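Next come the chains, spelled out residue by residue.
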Amino acid sequence: MFANIGWGEMLVLVIAGLVILGPERLPGAIRWTSNAARQAREYLSGATNQLRQDLGPEFDDLREPLSELQKLRGMTPRAALTKHLLDGDDSIFTGRFGDDVKPHSAPPPGAVPPAVPPSATTPPSASGPSPAGPTPFDTDAT
């Protein structure tokens, strides 16, 4: 019932109740609220049991569309894309494209970075690229 209310919100409600009602009336208000919630829960469970007894096996047939509706209510755009277009494979959203791919991690503190070959940082010479280094990339040519 209170699944969306966290401890922070509960604390704010108690403090607001303490300020509004005062320390004398707050315990009585909490007791009255908990009794009312308990009675409502008992009434709803009794109505559900009565409906289940009256309908019999048709009650389960009635529950199926409601469960489908609950699934649609939880469907986000990401979940819809994953289910219908990507056949449940959400690796495009999570960045995990396979089991053999290891995630990139930062080097440990104090580690020496790998040396960069001089051909990668110097411009190509007039005679062309060196055979040992990578092919230079010219951004103006693309």
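Figured I'd write up the structure that's included with this text. Predicted model only: the values in this text are computed from it and were never measured. (Residues numbered from 1 in each chain as written. Predicted model: local features only at pLDDT ≥ 70, side-chain atom pairs only at ≥ 80, totals over all residues. Heavy atoms only, no water.)

1. Things to note about the overall build of the protein
Logical step 1: Scanning the protein from terminus to terminus reveals five helices and zero strands.
Logical step 2: Along the protein, from the amino end to the carboxyl end, the secondary structure elements read α-α-α-α-α.
Logical step 3: The proportion of buried residues among the 142 residues of the protein is 6%.
Logical step 4: Carbon and sulfur atoms make up 63% of the accessible area of the protein, which amounts to about 12900 Å² in all. (Helix = DSSP H or I, 4+ residues; strand = E, 2+ residues; numbered from the N terminus. Buried < 20%, exposed > 50% of the residue type's maximum accessible area, 1.4 Å probe, protein only. Areas by Shrake-Rupley, 256 points an atom, 1.4 Å probe, with all protein chains shown as cover.)

2. Observations concerning helix H1 (residues 7–55)
Logical step 1: Its 49 residues give H1 an end-to-end C-alpha distance of only 40 Å, which falls more than 12% under 72 Å, the value for a rise of 1.5 Å per residue.
Logical step 2: Considering bend angle alone, the principal kink of H1 is centred on glycine 22 and spans about 115°; proline proline 23 follows within four residues of it.
Logical step 3: For H1, the complete set of buried residues consists of Gly17, Gly22, Leu26 and Ala37.
Logical step 4: Immediately downstream of H1, the backbone of glycine 56 shows phi near 70°, a positive value. (Expected span 1.5 Å × (residues − 1). Bend = angle between axes of the 7 residues up to and from the residue.)

3. Some remarks on a negative patch on the surface
Logical step 1: There is a patch of like negative charges on the surface, built from Glu58, Asp60, Asp61 and Glu64.
Logical step 2: Relative to the assigned elements, aspartate 60 resides in helix H2 (residues 58–73). (Patch = residues over 30% accessible without salt bridge, like charges linked within 9 Å, V, L, I, M, F, W, Y side chains within 5 Å. Salt bridge = Lys/Arg side-chain N within 4 Å of Asp/Glu carboxyl O. Lys, Arg positive; Asp, Glu negative; His and termini not counted. Charge placed at Lys NZ, Arg CZ, Asp CG, Glu CD.)

4. Brief notes about the packing of H1 against H2
Logical step 1: Between H1 and H2, the least distance of the axes is 7 Å, while the angle of their chain directions is 120°. Between H1 and H2, the crossing angle belongs to the class labelled oblique. Along the contact surface, H1 presents Thr48, Leu51, Arg52 and Leu55, while H2 presents Glu58, Phe59, Leu62 and Arg63.
Logical step 2: Taken together, the residues of the contact of H1 with H2 sort by class into four nonpolar, one polar and three charged. (Axes fitted to C-alpha atoms, helices over the stretch in contact; angles between N-to-C directions. Parallel < 35°, antiparallel > 145°, perpendicular 65-115°, else oblique. Contact = heavy atoms within 4.5 Å. Nonpolar A, V, L, I, M, F, W, Y, C, P; charged D, E, K, R; others polar.)

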